[in-house]
Amino acid sequence: MIPLVFHPIYSQLVLPAKHRFPIEKYNGIRQRLAAEGVADDWFFKPSKVDIDDLLLAHDSNYVKSFVDGTISQKAIKRIGMPWSDQFVERTLHAVGGTVLTSELSMQHGVALNLTGGYHHAFYEFGSGFCVFNDIIMSAKNMLKHDSVDRVLTFDCDVHQGDGTALLAAGDDSIYTVSLHCEKNFPTRKQQSDLDFPLERGMSDDEYLHTVECALAVAFNTSVPDAVIYDAGVDIHEADDLGNLKISTQGVYERDKLVFDECKRRGVPVAAVIGGGYQRNIDDLVEVHLQLYKAAGVI
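Here is a short report on the structure shown in this document. (Residues numbered from 1 in each chain as written. Predicted model: local features only at pLDDT ≥ 70, side-chain atom pairs only at ≥ 80, totals over all residues. Heavy atoms only, no water.)

1. So, the nonpolar core
Formed by 98 residues in total, the largest nonpolar core has its most connected members in Leu33, Leu112, Phe154 and Tyr292. Not counting residues up to four positions away in its chain, the partners in contact with Phe154 are Val177, Leu179, Val211, Ala214, Leu215, Ala218, Ile228, Tyr229, Asp230 and Val258. (Core = buried A, V, L, I, M, F, W, Y, C linked by side-chain atoms within 4.5 Å. Buried < 20%, exposed > 50% of the residue type's maximum accessible area, 1.4 Å probe, protein only. Contact = heavy atoms within 4.5 Å.)

Here you go:
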């Protein structure tokens, strides 16, 4: 069994008509996995993240303002989604889901969340559809284990994990790596421990070679005891917000490289699905499904 973390609330958020965030994709992935024969007992339902635990990575005033709805409209606009009680509930469950995924990966070697990768969340504000940084929260959870002294965050979303980079800056126990399109959001990049800025239009061969090199350097430099993998599919050639030209097969091969390297080195890995912004949800789900194929779920 490979643990999969899912809550129906992942896709239960009412957004304005034509909003850019594809909220339906999470339930779509769940349905496709079921259609592929994945048993219900592989799925774990997360609870909401504890508010006090959020303070390990975020400012208390920011956390309180988001949860109780006193957050400013300017701050909400930067996040990119309208505030609602439903948004709060979804956010807390999504972050709780990635933390649970990190815990399950320590027990089983591999675990995957059907959401996650909110890497644009900073200490005292959110950005780019991200409220709280589930990657940092999960890294801190892994570090509670006696067997873990360093966590590698390996971020392959097309957009730099800027919030993750800044939140981990100066913390030797979290080693951050980002492979991202240089000329893309965010305009102002932060400094990860390792950054691989990619040129627009990059295709499979060059991209996969870069991933291989990044994995080798990251593992050899950081020597991690655990990994959090952000498997964003906004690198895909059909993605509206990506600017890269990676095929569906290329996405699969990238994910396989990551899982194989973690397995070869005997390091547990918790994976999140990251970004993906095709308008056609069925097509988008198919690209996200490569993560589960590469992990051996289907």
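Right, picking up where we left off after that structure.
2. Observations regarding helix H1 (residues 25–35)
Listing the buried residues of H1 in full gives Lys25, Tyr26, Gly28, Ile29, Arg30 and Leu33. Where H1 is buried, its residues touch strand E1 (4–5), strand E2 (43–44), helix H5 (85–108) and helix H10 (281–295). Residue Gly37 follows H1 closely and has a positive phi angle near 100°. (Helix = DSSP H or I, 4+ residues; strand = E, 2+ residues; numbered from the N terminus.)

3. With respect to the packing of aromatic side chains
Under the criterion given, the structure shown has 11 aromatic pairs. Geometrically, the ring pair formed by Tyr10 and Tyr26 is edge-to-face, given 6.4 Å between the ring centres and 75° between the ring planes. Note that Tyr10 is positioned in the loop between E1 and H1 and Tyr26 in helix H1, a separation of 16 residues in sequence. Of the two residues examined, Tyr10 and Tyr26, each falls in the buried class. Measuring from centroid to centroid gives 6.4 Å for Phe154 and Tyr229, while their planes differ by 45°, and the two rings are tilted. Pair noted here: Phe154 is in strand E4 (residues 151–155) and Tyr229 is in strand E7 (residues 226–230), with a separation of 75 residues, a long-range link. With respect to burial, Phe154 and Tyr229 carry one shared label: buried. Here the aromatic residues Phe6, Tyr10, Phe21, Tyr26, Phe129 and Tyr277 are joined through ring pairs into a cluster of three or more. Above the plane of the ring of Phe43 lies Arg30, whose end atom (NZ or CZ) is 3.6 Å from the centre. (Phe/Tyr/Trp six-rings, centres within 6.5 Å; stacked < 30°, edge-to-face > 60°. Lys NZ or Arg CZ within 6 Å of the ring centre and 35° of its normal.)

4. Some thoughts on the packing of H1 against H10
Where H1 contacts H10, the two axes come as close as 9 Å, and the packing angle between them is 60°. Taken together, H1 and H10 sit at an angle that is classed as oblique. For the element pair H1 and H10, the recorded crossing hand is right-handed. Together, Lys25, Gly28, Ile29, Arg32 and Leu33 of H1 and Ile281, Leu284, Val285, Glu286, His288, Leu289 and Tyr292 of H10 make up the contact between the two elements. Looking at side-chain class alone, the contact of H1 with H10 contains seven nonpolar, two polar and three charged residues. (Axes fitted to C-alpha atoms, helices over the stretch in contact; angles between N-to-C directions. Parallel < 35°, antiparallel > 145°, perpendicular 65-115°, else oblique. Left-handed = near helix turned anticlockwise from the far one by under 90°. Nonpolar A, V, L, I, M, F, W, Y, C, P; charged D, E, K, R; others polar.)

5. A look at the state of the cysteines
Considering all chains together, one arrives at zero disulfides under this definition. No disulfide involves Cys130; its sulfur sits 16 Å from the nearest other cysteine sulfur, which is in Cys156. Cysteine Cys213 is unpaired, with the sulfur of Cys156 as its nearest cysteine sulfur at 13 Å. Its relative accessible area of 33% is what places Cys213 among the partly exposed residues. (Disulfide = S-S within 2.5 Å.)

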